[in-house]
Amino acid sequence: MTATADRFAFDARTTFAAAGSVELYAPPTSGDVLNVRQLTISTEDAAELVVYFGRTTADRLKPGYVIRGAFLGANGGAAPDLACLGRWSPAPGLPIRLYASAACDVWAAGEGRIEA
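Residues numbered from 1 in each chain as written. Predicted model: local features only at pLDDT ≥ 70, side-chain atom pairs only at ≥ 80, totals over all residues. Heavy atoms only, no water.

S.K.: Could you give an account of the side chain of Asn35, with specific residues and numbers?
M.R.: The residue Asn35 is located in strand β4 (residues 33–43) in this model. According to the relative accessible area criterion, Asn35 is buried, its value standing at 4%. With near-sequence residues (within four places) excluded, Asn35 lies in contact with Phe8, Gly86, Arg87, Trp88, Gly112 and Arg113. (Helix = DSSP H or I, 4+ residues; strand = E, 2+ residues; numbered from the N terminus. Buried < 20%, exposed > 50% of the residue type's maximum accessible area, 1.4 Å probe, protein only. Contact = heavy atoms within 4.5 Å.)

S.K.: Explain the nonpolar core residue by residue, including any values.
M.R.: Ranked by size, the top nonpolar core spans 26 residues in total, and within it Leu49 and Ile96 carry the most contacts. Of all the elements in the fold, those that place two or more residues in this core are β2 (7–16), β3 (20–25), β4, β5 (47–53), β6 (66–72), β8 (96–100) and β9 (104–115). In this view, Leu49 contacts Ile41, Thr43, Arg68, Gly69, Ala70, Leu72, Leu98, Tyr99, Ala100, Cys104 and Val106; residues no more than four positions away in its chain are not counted. (Core = buried A, V, L, I, M, F, W, Y, C linked by side-chain atoms within 4.5 Å.)

S.K.: Quick rundown of the sheet that holds β6? Include the residues and the values.
M.R.: In spatial order, the strands read β3-β8-β5-β6; together these four strands make up an open sheet with antiparallel pairing. Each edge of the open sheet carries a strand with a single partner, namely β3 and β6. Strand after strand, the sheet turns through a mean of 15 degrees between neighbouring axes, direction not considered. The pairing of β5 with β8 spans five bridges and is antiparallel. Note that in β8 the partner of Phe53 across the bridge is Ile96. (Pairing = 2+ DSSP bridges. Axes fitted to C-alpha atoms, helices over the stretch in contact; angles between N-to-C directions.)

S.K.: With reference to specific residues and values, describe the pattern of salt bridges.
M.R.: Any two side chains of opposite charge can pair, on the condition that their charged atoms come close. Enumeration over the complete set of coordinates arrives at four salt bridges. In this structure, Glu115 and Arg113 form a salt bridge, with 3.9 Å as the shortest nitrogen-oxygen distance. With relative accessibility at 28%, the residue Glu115 sits in the partly exposed group. Linked through salt bridges whose partners overlap, the residues forming this network are Asp6, Arg113 and Glu115. (Salt bridge = Lys/Arg side-chain N within 4 Å of Asp/Glu carboxyl O.)

What follows is the structure, given as C-alpha cells:
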C-alpha cells in the first residue's frame, strides 16, 4: 500500500473463511475524500465480490457507496475495470472495503486520488 499527498494505491490478497468484509485502504486523514481511478478484483472461487466505500459490511447496500460489484464463478477474474474511473467517496473519511459472499481467496488492486 502506498500513498502520496494526492494519490493512493493498494494491492491485497485476502482469504475469507465465510461471508464478510475487510478494509482495503483508509484515507490518511479523516477529512480526505477518495476518488478511485482503476480497480481489479479476481478470485478462484465462486462468490459475489463488492468493493465499496464504508465502515461496515452493511454500507455495501447503500446507494452511491458501491465502487464495483461482481458475481465471479470458479476461476473468475477481472481485467482492470476502467468503469470505476472517477468513483468518488460519498463522504469524507470513508475507507475502501471489500465484501465477499462466501469462503474464497480474493486479489484486489486499485489506485486513485486523494482529495483533501
